[in-house]
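# A structural walkthrough
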Protein chains: 2
Amino acid sequence: MRGEGDHSLLKDGLARIQREVDSLFDALLPIPQDTRARLVEGMRYAAIGGGKRVRPLLLVSTAELFGVDRNRALRAGCAVEAIHAYSLIHDDLPCMDDDDLRHGKPTLHKAFDEATAVLAGDSLHALAFEILADQETSADPFTRSELILTLGNASGKDGMAGGQMMDMLAEGEDYDLHTITRLQQLKTGALLAAAVEMGAIMGHVQPEGRAHLRAYARDIGLAFQIADDLLDVEGDADKAGKALRKDESQGKQTFVTLMGVDKAREQARALVDQAIGHLAVHGEDAAMLRAVARYIVERDR
Amino acid sequence: MRGEGDHSLLKDGLARIQREVDSLFDALLPIPQDTRARLVEGMRYAAIGGGKRVRPLLLVSTAELFGVDRNRALRAGCAVEAIHAYSLIHDDLPCMDDDDLRHGKPTLHKAFDEATAVLAGDSLHALAFEILADQETSADPFTRSELILTLGNASGKDGMAGGQMMDMLAEGEDYDLHTITRLQQLKTGALLAAAVEMGAIMGHVQPEGRAHLRAYARDIGLAFQIADDLLDVEGDADKAGKALRKDESQGKQTFVTLMGVDKAREQARALVDQAIGHLAVHGEDAAMLRAVARYIVERDR
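The paragraphs below set out a description of the structure included in this document. On a predicted model such as this, the values are computed, not experimentally measured, just so you know.

Next up on the list: the environment of P207(B). Mapped onto the fold, P207(B) is located in the loop between α9 (177-202) and α10 (211-234). Sequence separation between P207(B) and G189(B) is 18 residues; the distance between their C-alpha atoms is 18 Å.

Set out below in structure tokens:
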């Protein structure tokens with residue numbers, strides 16, 4: 001199924017979205033002429049020049065299926081990425097996962113300090129909703145409001161933060177596969193799914209017309225997390241740009257501990273095939289979304 | 001100017017809004033049947049049963065001037081209060097102000113733990129925007145979007161979080177009165193002003209028709225902070241329900257250190273008179289907003 005064309009499509013797509021996201025964050029985060037400068041420098045440190053930008057790529061590629069203006073879709077993509085960036089800052093804090101390395105450089109609280117990390121995370125969190133509520137993202141206020149509701153639900157107690165809470169308690173609990181799946185759907189899946197959903201919302205696709213995209217997003221979300229668990233066991237920390245082998249040392253259950261390496265890899269690939277199947281209706285237009293699905297299980301970071 | 005009627009108006013107004021805010025947070029935060037329970041319990045601990053609820057009272061009282069349905073205004077008031085509550089949780093963290101007591105009970109990270117405090121703060125932050133983006137808050141999507149833009153701006157780098165960053169750096173800097181005013185306008189004033197502004201937005205008042213309300217909000221915001229600085233010097237920690245005399249021990253400049261106690265008190269009162277002057281156009285309808293303005297400098301917590 002996969003050829004050279006597919007590979008270069010994805011490579012170019014990632015390179016382009018990485019440039020675009022960096023450039024938009026640069027424009028959105030001018031450094032103020034007072035002591036807030038440190039805060040905005042912290043936000044820029046976390047938001048610019050790091051990360052694969054999978055979420056913005058998913059959002060922009062979905063929006064493209066429905067002819068949405070790329071600059072507007074990019075703004076919504078940066079809103080999702082701002083949420084992702086804030087969550088990494090807070091998750092890396094000493095009282096959370098206590099990580100020193102992220103995207104191959106010191107974590108924000110190491111490069112700056114913990115207080116700046118807390119506040120820069122909070123400010124990126126607010127920035128996400130400021131971006132979405134601005135009419136430059138969509139001229140239609142109903143669309144703006146739907147984007148915000150979708151991102152809010154995906155990031156709070158019923159989404160990412162809820163999943164992170166379950167993960168923080170995982171060391172003491174003997175989670176089964178059902179619970180691990182639920183945890184990961186919240187912690188990682190909800191925001192990936194929101195990116196796809198938001199692309200469709202910008203394309204004015206009604207909820208009943210988004211079911212296949214939601215199914216695609218759910219499958220790649222799960223595949224993404226299984227791939228992360230495999231990377232944690234088999235990956236190269238230099239390439240990943242962060243500490244690995246953490247799940248094992250913390251005695252946490254993961255897809256890999258529960259299923260074994262071979263079964264987990266098989267399951268991830270099956271999920272990707274299934275995800276790609278949901279895109280059939282879009283034909284060649286969905287080439288990038290298919291490429292992203294494959295990348296998710298084949299990436300080395 | 002001030003009589004018994006004014007006093008009981010405020011007392012009843014505060015008691016009512018406190019009941020209403022507690023009841024709405026209770027409804028918005030059901031405890032889930034999985035390990036996220038701890039997260040939601042943390043959110044409830046911080047959001048229910050504490051705080052003066054000045055911001056919701058300001059929002060609801062402003063909205064009332066324009067005939068807005070009280071239940072809808074209350075939802076927006078709870079969104080502002082959710083932002084306020086999350087900011088207190090994060091400000092109290094050991095890496096920030098390191099406070100053990102808030103609203104007369106242990107701070108969230110003391111009663112639970114730091115990780116839960118970070119995540120409960122983040123989840124209340126997201127909840128604020130989830131509430132505002134819901135059509136139960138306003139049937140008009142443009143209104144919802146404007147509410148979100150106003151609250152987002154007031155809480156991020158150009159508002160509350162920016163002011164908190166300036167405050168964190170205050171120990172090392174020799175801020176003058178101009179800088180302290182700017183810091184406090186961001187840290188405290190922006191959210192109080194947003195509450196008033198959001199009440200007017202719900203009343204479909206155009207930006208040019210909100211100028212006097214913005215002036216009212218700016219004046220009470222500054223008066224509120226001067227009163228806080230006076231409380232820090234002269235207040236009773238038991239009544240305040242939190243540690244006092246912190247500014248002095250940290251060597252921070254405040255309105256009181258820069259102006260002296262007498263001048264500061266005089267200034268706060270003058271600001272309240274000025275704020276009340278801006279409400280003249282509303283006549284008797286603005287009785288509650290006038291009462292709130294007076295309360296702000298006369299409160300003991």
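Having seen the model, we can carry on.
Another point: the nonpolar core. The biggest cluster of nonpolar side chains holds 190 residues, and the ones touching the most others in it are L151(A), A223(A), V292(A), L151(B), A223(B) and V292(B). With near-sequence residues (within four places) excluded, V292(A) lies in contact with L10(A), V54(A), L57(A), L58(A) and S61(A).

Attention now moves to the interface of chain A and chain B. Listed per partner, the contact involves 43 residues of chain A and 43 residues of chain B. Listed by contribution, the elements that provide at least two residues to the side of chain A that touches chain B are α2 (37-47), α6 (114-133), α7 (141-155) and α8 (160-168) of chain A. At twelve residues, α6(A) tops the list of elements feeding residues into the side of chain A that touches chain B. Split into classes, the residues belonging to the side of chain A that touches chain B amount to 22 nonpolar, eleven polar and ten charged.

Further remarks concern unusual backbone geometry. Residues and elements named next belong to chain A. A positive phi angle, close to 55°, is found at D98, a residue other than glycine. Mapped onto the secondary structure, D98 falls in the loop between α4 (70-92) and β1 (101-102). For D98, a count of 13 C-beta atoms within 10 Å translates into the label partly exposed. For H103, which is not glycine, the phi torsion reads 55° and is therefore positive. Examined against the element boundaries, H103 turns out to sit in the loop between β1 and β2 (105-106).

Our next topic: the environment of I31(B). As for its position among the elements, I31(B) is in the loop between α1 (4-28) and α2 (37-47). Along the backbone, I31(B) and G67(B) are 36 residues apart, and their C-alpha atoms lie at a distance of 34 Å.

So, on to the environment of E146(B). Assignment of secondary structure puts E146(B) in helix α7 (residues 141-155). Put simply, E146(B) and I201(B) are 55 residues apart on the chain and 7.3 Å apart in space, counted from C-alpha to C-alpha.

Here helix α4 (residues 70-92) of chain B is 23 residues long and its end C-alpha atoms lie 32 Å apart, about the 33 Å a rise of 1.5 Å per residue gives. Along α4(B), 20 of the 23 residues are buried, which leaves the element largely enclosed by surrounding structure.

The subject of this paragraph is the packing of α4(B) against α7(B). All names here are of chain B. At a minimum axis distance of 11 Å, the contact between α4 and α7 shows a crossing angle of 20°. Classified by the interaxial angle, the pair formed by α4 and α7 is roughly parallel. Handedness of the crossing formed by α4 with α7: right-handed. Contacts between α4 and α7 involve A76, A79, V80 and I83 on the former and, on the latter, L147, L151 and S155.

On to the relation of the copies chain A and chain B, then. Of the transformation superimposing chain A on chain B, the axial component is 0.0 Å and the angular component is 180°, with the fit at an RMSD of 0.0 Å. Given the turn and translation reported, the copies of this chain are related as if by a two-fold rotation axis. In this assembly the copies share their binding face: 100% of the residues contributing to the interface of chain A also contribute to that of chain B.

Criteria and thresholds
Residues numbered from 1 in each chain as written. Chains lettered and ligands numbered in written order. Predicted model: local features only at pLDDT ≥ 70, side-chain atom pairs only at ≥ 80, totals over all residues. Helix = DSSP H or I, 4+ residues; strand = E, 2+ residues; numbered from the N terminus. Core = buried A, V, L, I, M, F, W, Y, C linked by C-beta atoms within 7 Å. Buried ≥ 20, exposed ≤ 12 C-beta atoms within 10 Å, placed from the backbone. Contact = placed C-beta atoms within 7 Å. Nonpolar A, V, L, I, M, F, W, Y, C, P; charged D, E, K, R; others polar. Expected span 1.5 Å × (residues − 1). Axes fitted to C-alpha atoms, helices over the stretch in contact; angles between N-to-C directions. Parallel < 35°, antiparallel > 145°, perpendicular 65-115°, else oblique. Left-handed = near helix turned anticlockwise from the far one by under 90°. Least-squares fit on C-alpha atoms with pLDDT ≥ 70 in both.

Purely geometric numbers; function is a separate question.
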